[in-house]
Amino acid sequence: EGFLYPDTYIFLTSYTEKQVMDKMINQFLHVYDNFIRYKAEQIDMSPNEVVTLASIVQGEAARRSEMNMISSVYHNRLNKNMLLQADPTIQYIIPGENRRLWNKDLKVKSPYNTYIHKGLPPGPISNPGLSALMASVNPEKSDYLYFVSDARGGHIFSKNVKEHERAKKIFKKRRREQQKK
């Protein structure tokens, strides 16, 4: 997981599963070598770290325009040895369709649970595209440590817990308003 590059491919019906996977992995290696490797080496990230972070960014961002800022939050949290607290990692370990998360979900014992384990999880949680891969090695410069949905397809970014609590109230208010419609 993580290294099957999402793209448009043309496969013959005679291709085996291995041939399909090889083509997707080779495309990943081509993209990584040409667009990611140099920057990843500059910031001392391994390919697994790049893809793992990119997979989380991909899971968080509804808008490509926010990917670099989301990456910034995670880089800042990693640099401060904070828990990532990334909801997509919880969605990954919970069976079935993605759903609204509950507090009990944040306590599930798994090495992928970024609410109880510091650092990146052991590996990717999806196969990220180029935008997420680029964002993982090109975070915006910011002091943001938190973000929450703005209930309109984007996020509200915060530098401290007090700002984050205000942002969560905005999200909850907007969500209630949407549910009334």
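Look a little higher up for the structure.
Figured I'd write up the structure that's included with this text. Just so we're clear, the structure is a prediction, and the values are computed from it rather than from any experiment. (Residues numbered from 1 in each chain as written. Predicted model: local features only at pLDDT ≥ 70, side-chain atom pairs only at ≥ 80, totals over all residues. Heavy atoms only, no water.)

### Description of the nonpolar core
Keep this limit in mind: Definition used in this section: a nonpolar core is a set of buried Ala, Val, Leu, Ile, Met, Phe, Trp, Tyr and Cys residues joined via side-chain atoms within 4.5 Å. Here's how the labels work: a residue is buried when its accessible area is under 20% of the maximum for its type, exposed when over 50%, partly exposed in between, all with a 1.4 Å probe on protein chains only. Any two residues whose heavy atoms approach within 4.5 Å at even a single point are treated as in contact.
Among the nonpolar cores identified, the biggest contains 37 residues, and Ile36, Val50, Val57, Ile70, Tyr74, Ile90 and Leu133 are the most heavily contacted of them. If we skip the residues at most four places from it in the chain, Ile36 touches Val31, Val50, Leu130, Leu133, Met134 and Val137.

### Some points on the pairing of strand β1 (residues 146–149)
In plain terms, the rule: A pair of strands is considered paired only if DSSP assigns at least 2 bridges between the two. The way it works is that DSSP assigns letters per residue, a run of H or I at least four long becomes a helix, a run of E at least two long becomes a strand, and they are numbered from the N terminus.
With four bridges connecting them, β1 and strand β2 (residues 155–158) associate as antiparallel partners. Following the sheet pairing, Phe147 is matched in β2 by Phe157. Between β1 and the antiparallel strand that follows it, β2, lie five residues; Ala151 among them carries a positive phi value of about 65 degrees.

### Some words on unusual backbone geometry
Even without being a glycine, Asn81 presents a positive backbone phi close to 60 degrees. Counting through the fold element by element, Asn81 comes out in the loop between α3 (67–79) and α4 (87–93). Non-glycine residue Gln85 carries a positive phi angle of around 50 degrees. Among the secondary structure elements, Gln85 is positioned in the loop between α3 and α4. Note on Gln85: relative accessible area 33%, which makes it partly exposed.

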